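One letter stands for each residue in the lines below.
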Amino acid sequence: ETGVTQSPTHLIKTRGQQVTLRCSSQSGHNTVSWYQQALGQGPQFIFQYYREEENGRGNFPPRFSGLQFPNYSSELNVNALELDDSALYLCASSLVGEETQYFGPGTRLLVL
Amino acid sequence: QQQVKQSPQSLIVQKGGISIINCAYENTAFDYFPWYQQFPGKGPALLIAIRPDVSEKKEGRFTISFNKSAKQFSLHIMDSQPGDSATYFCAAFPDSSYKLIFGSGTRLLVRP
């Protein structure tokens, strides 16, 4: 069984740029959730994807967007990067309707 | 705003001692309470979880105690080991929801 994988592991961008982060869900899992974890904080829910559609969204602006593909992998896109977007971005996979979420190692994004 | 409040922010325990981390929640619609363990540079890993119809759940050295009337739950780590040094997050999953709501985390240091 393959766990949740994310790429890249680290990324440095400048303010105003755009970034795409990628996630492969755990084998058999059809739901992907994205979280933002600022330094020293708990993860904050960004959104969830199921059946290639957004299934729920947290308190994040529209410049945070996502995609889910037929193989259940997912992308997180952030436009017009701001300094406060610097964080660890976590992807979690699960089965629809089940509460247990399994997290990937995250992508560390630094915005300069 | 649904919240989960976690304490203490940091904890130092001697090897062999008991580590206790507490969480409180405000919304009675939560129906699943997991604890996650996170090592530096890694994603959160599910440690143990409980539902509100159970007052206690034990898995190895880890025990969750749940007090539904007080809206509180806690993690007890028995015989704490230096390898347990990590950040621990409590979380709650609202009924009929899709997202985990995390506490702010507790940084545990177990001294040899």
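For the structure itself, consult the block above.
Notes on the structure follow. (Residues numbered from 1 in each chain as written. Chains lettered and ligands numbered in written order. Predicted model: local features only at pLDDT ≥ 70, side-chain atom pairs only at ≥ 80, totals over all residues. Heavy atoms only, no water.)

**Here we look at the overall build of chain A**
- A count of helices and strands for chain A gives 0 helices and 11 strands.
- The order of α-helices and β-strands along chain A, N terminus first, is β-β-β-β-β-β-β-β-β-β-β.
- On C-alpha atoms alone, chain A measures out to a radius of gyration of 13 Å, which is about the 13 Å that the 2.2 N^0.38 rule sets for 112 residues.
- Each of the three principal axes of chain A carries a C-alpha extent, and together these read 35 × 25 × 25 Å.
- For chain A, buried positions account for 51% of its 112 residues. (Helix = DSSP H or I, 4+ residues; strand = E, 2+ residues; numbered from the N terminus. Rg over C-alpha atoms; globule rule 2.2 N^0.38 Å. Buried < 20%, exposed > 50% of the residue type's maximum accessible area, 1.4 Å probe, protein only.)

**Some thoughts on the interface of chain B and chain A**
- Each side of the interface is counted separately: chain B has 18 residues, and chain A has 20 residues.
- Together, B:Pro44, B:Tyr98 and B:Phe102 form the three largest contributors to the area buried by chain B at its contact with chain A, with a combined 35%.
- Of the charged contacts in the structure, one is a salt bridge between B:Arg51 and A:Glu99, with a shortest N-O distance of 2.9 Å.
- At the level of elements, strand 4 (30–38) and strand 9 (86–94) of chain B are the ones that each hand at least two residues to the side of chain B that touches chain A.
- With 4 residues, strand 4 of chain B is the largest single contributor of residues to the side of chain B that touches chain A.
- Tallied by class, the residues present in the side of chain B that touches chain A amount to 9 nonpolar, 5 polar and 4 charged. (Contact = heavy atoms within 4.5 Å. Buried area = accessible area lost by both parts, 1.4 Å probe. Salt bridge = Lys/Arg side-chain N within 4 Å of Asp/Glu carboxyl O. Nonpolar A, V, L, I, M, F, W, Y, C, P; charged D, E, K, R; others polar.)

**Re the sheet that holds strand 7 (residues 62–67) of chain B**
Residue and element names in this part refer to chain B.
- Pairing is antiparallel across the open sheet formed by 5 strands, whose spatial order is 1-3-8-7-6. At either end of the open sheet lies a strand with only one pairing partner, and these are strand 1 (4–7) and strand 6 (56–59). Between one strand and the next, the sheet's axes are offset by a mean angle of 15 degrees, whatever the strand orientation.
- Two strands pair when backbone bridges link them, and strand 3 (residues 19–25) and strand 8 (residues 72–77) are joined in this way by 6 bridges, in the antiparallel orientation. Bridge assignment links Asn22 to a residue of strand 8, and that residue is Ser74. (Pairing = 2+ DSSP bridges. Axes fitted to C-alpha atoms, helices over the stretch in contact; angles between N-to-C directions.)

**What to know about the side chain of A:Glu99**
- With respect to the helices, strands and loops of the structure, A:Glu99 is situated in the loop between strand 9 (87–94) and strand 10 (102–103).
- Its relative accessible area of 12% is what places A:Glu99 among the buried residues.
- Separated by 2.9 Å, the side chains of A:Glu99 and B:Arg51 make a polar contact.
- In contact with A:Glu99, not counting residues within four places along its chain, are B:Asp31, B:Tyr32, B:Arg51 and B:Phe93. (Polar contact = N/O pair within 3.5 Å; in protein donor to acceptor, adjacent residues only side chain to side chain.)

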